[in-house]
Amino acid sequence: MNEFQKVILKTHRSKYTQFLLFSMCAQHVEYARAFLSLLTQTFTSKQKHTVYRMNAVAYIASFVARNKAIPQQDVFVSFTLLSDWLKSYRSEFMLIHGKSALPTLHTNGLYYSVCQALMYIFCYHHKLILDPSSEAVLAGVPSGHGQYLRNCDLATIFGPPFHPLQVCLPDIVDEFKRVAQPQSSTLLPPPNVQSVTYKNALSLRTHLRGDGASAEINGTECLVEIFFPFDPYLLHKSSAFVKPFYRTWDDPAVQSESSASESDEETGSRLTDDGVAPMSFTPDCSADVFAHLNRVIGQPNR
């Protein structure tokens, strides 16, 4: 864990070394929880540089989404951690700057990274999170599953003044909206807010961008750093150590939609899990889609 914190976490675009921890944590739940605890401490520490905090958030999201050995309760713990942090950050921002203030990526990049991480986890675990029978897992939520979703308050988190649905990776946003439909009133901003945001998307993105860099995915600009450290493991000989614990994208509805509507060229530009079905929203890891973090160097911690 110490070597991960000292070396791997600080290594931009590390591809495979982190899977050693992935495999070890999958075989020992106590290691997985220790790993998540370390990442949480890094992410929430105001003494850490924002770049490392953003990396830690990406590891939390990717680890929780992809590791099949993580207990369901820990999925909820991680999801709650991220949503609570976002609520706290938004409240503090509104208190300090007022309701009319507009955020920028330079000073609020961590907020957008956490929003993207939260949506990423939801896309992989939406069936669990939206299943009313899951309330047995929600120890400490006496009012049940519906109250849990209301407490997360995603509709507010994803609304003004930050409007992360207009800023994060479009494929993740689109997939989140699709799977969130059963609870759209709880998980998404009101339609009138989304409509206003859409009409002002260009000016919003221009303001957020400022002098910072952005990545382009399949011709679509993405303002938030794209980093999923546990995207599919592509080393075939050693993949046997990872596959038993690895969650692939296996949503039948998404796969059928993808196969029916995407051209061969579009499918080829998406990452495939085990070379079978195209991912619905994860960008091709072979492409240079990682935006440099220069835009956040020197930004104040919050």
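Residues numbered from 1 in each chain as written. Predicted model: local features only at pLDDT ≥ 70, side-chain atom pairs only at ≥ 80, totals over all residues. Heavy atoms only, no water.

When two helices pack together, their arrangement is given by the angle between the helix axes and the distance between those axes. Between helix α2 (residues 19-27) and helix α3 (residues 29-44), the least distance of the axes is 5 Å, while the angle of their chain directions is 130°. Considering their axes alone, α2 and α3 lie oblique with respect to each other. Only V29, Y31, A32 and F35 of α3 make contact with α2, whose side of the interface consists of L21, M24, C25 and Q27. Partitioned by chemical class, the residues of the contact of α2 with α3 number seven nonpolar, one polar and no charged. (Axes fitted to C-alpha atoms, helices over the stretch in contact; angles between N-to-C directions. Helix = DSSP H or I, 4+ residues; strand = E, 2+ residues; numbered from the N terminus. Parallel < 35°, antiparallel > 145°, perpendicular 65-115°, else oblique. Contact = heavy atoms within 4.5 Å. Nonpolar A, V, L, I, M, F, W, Y, C, P; charged D, E, K, R; others polar.)

The full count for this structure, using the stated rule, is four salt bridges. One salt bridge connects R178 with E175, and the closest N-O pair in it is separated by 3.0 Å. Taken as a pair, R178 and E175 lie in helix α9 (residues 170-179) at a separation of three residues, close to a single helical turn. For R178, a relative accessible area of 27% gives the class partly exposed. (Salt bridge = Lys/Arg side-chain N within 4 Å of Asp/Glu carboxyl O. Buried < 20%, exposed > 50% of the residue type's maximum accessible area, 1.4 Å probe, protein only.)

Here we take up the packing of aromatic side chains. Applying the stated rule across the entire model yields 27 aromatic pairs. Ring centres of F19 and Y246 lie 6.5 Å apart, and the angle between their planes is 40°; this geometry places the pair in the tilted category. In this pair, F19 is assigned in helix α2 and Y246 in the loop between β2 (220-222) and α13 (252-261), connecting sequence segments 227 residues apart. Judged by its relative accessible area of 3%, F19 falls in the buried class. (Phe/Tyr/Trp six-rings, centres within 6.5 Å; stacked < 30°, edge-to-face > 60°.)

A few words on the environment of L9. Summarising the element assignment, L9 is placed in the loop between α1 (2-8) and α2. Assessed through its relative accessible area of 3%, L9 is described here as buried. Along the primary structure L9 and Y59 are separated by 50 residues, whereas in three dimensions their C-alpha atoms are 8.5 Å apart.

In the segment running from P160 into P161, the intervening peptide bond is cis, with an omega of 5°. Residue position: P161 is located in the loop between α8 (154-157) and α9. One non-glycine residue, D153, adopts positive backbone phi at about 55°. Within the secondary structure layout, D153 lies in the loop between α7 (145-152) and α8. We classify D153 as partly exposed; its relative accessible area is 28%.

This part is about the confidence of the model for the protein chain. The predicted model of the protein chain averages 75 in pLDDT, with 67% of residues at 70 or higher. Segment residues 211-222 is flagged for pLDDT under 50; beyond a separation of four residues in sequence, or across chains, it makes 30 contacts in the model. (pLDDT = per-residue confidence, 0-100.)

What follows deals with α3. Its 16 residues give α3 an end-to-end C-alpha distance of 22 Å, which sits within 8% of 22 Å, the value for a rise of 1.5 Å per residue. Of the residues making up α3, those classed as buried are A32, F35, L36, L38, L39, T42 and F43. The buried residues of α3 occupy an angular sector of 155° when the element is viewed end-on, so they sit on one face. Structurally, α3 contributes buried residues whose contacts are with α1, α2, α4 (50-66), α5 (72-97) and α6 (105-130). (Expected span 1.5 Å × (residues − 1). Arc of directions from axis to C-beta.)

The N-to-C vectors of α5 and α6 enclose an angle of 150°; their axes lie 10 Å apart at closest approach. You can see that α5 and α6 cross each other, and the crossing is left-handed. The residue inventory of the contact of α5 with α6, partitioned by class, reads 18 nonpolar, five polar and one charged. (Left-handed = near helix turned anticlockwise from the far one by under 90°.)

What follows concerns the side chain of Q18. Tracing the chain through its elements places Q18 in the loop between α1 and α2. A relative accessible area of 1% places Q18 in the buried class.

Okay, a nonpolar patch on the surface next. Together, M1, M24 and Y31 make up an exposed nonpolar region whose accessible area comes to about 270 Å². Topologically, M1 is positioned in the segment before α1. By relative accessible area, which is 36% here, M1 ends up partly exposed. (Patch = residues over 30% accessible without salt bridge, like charges linked within 9 Å, V, L, I, M, F, W, Y side chains within 5 Å. Areas by Shrake-Rupley, 256 points an atom, 1.4 Å probe, with all protein chains shown as cover.)

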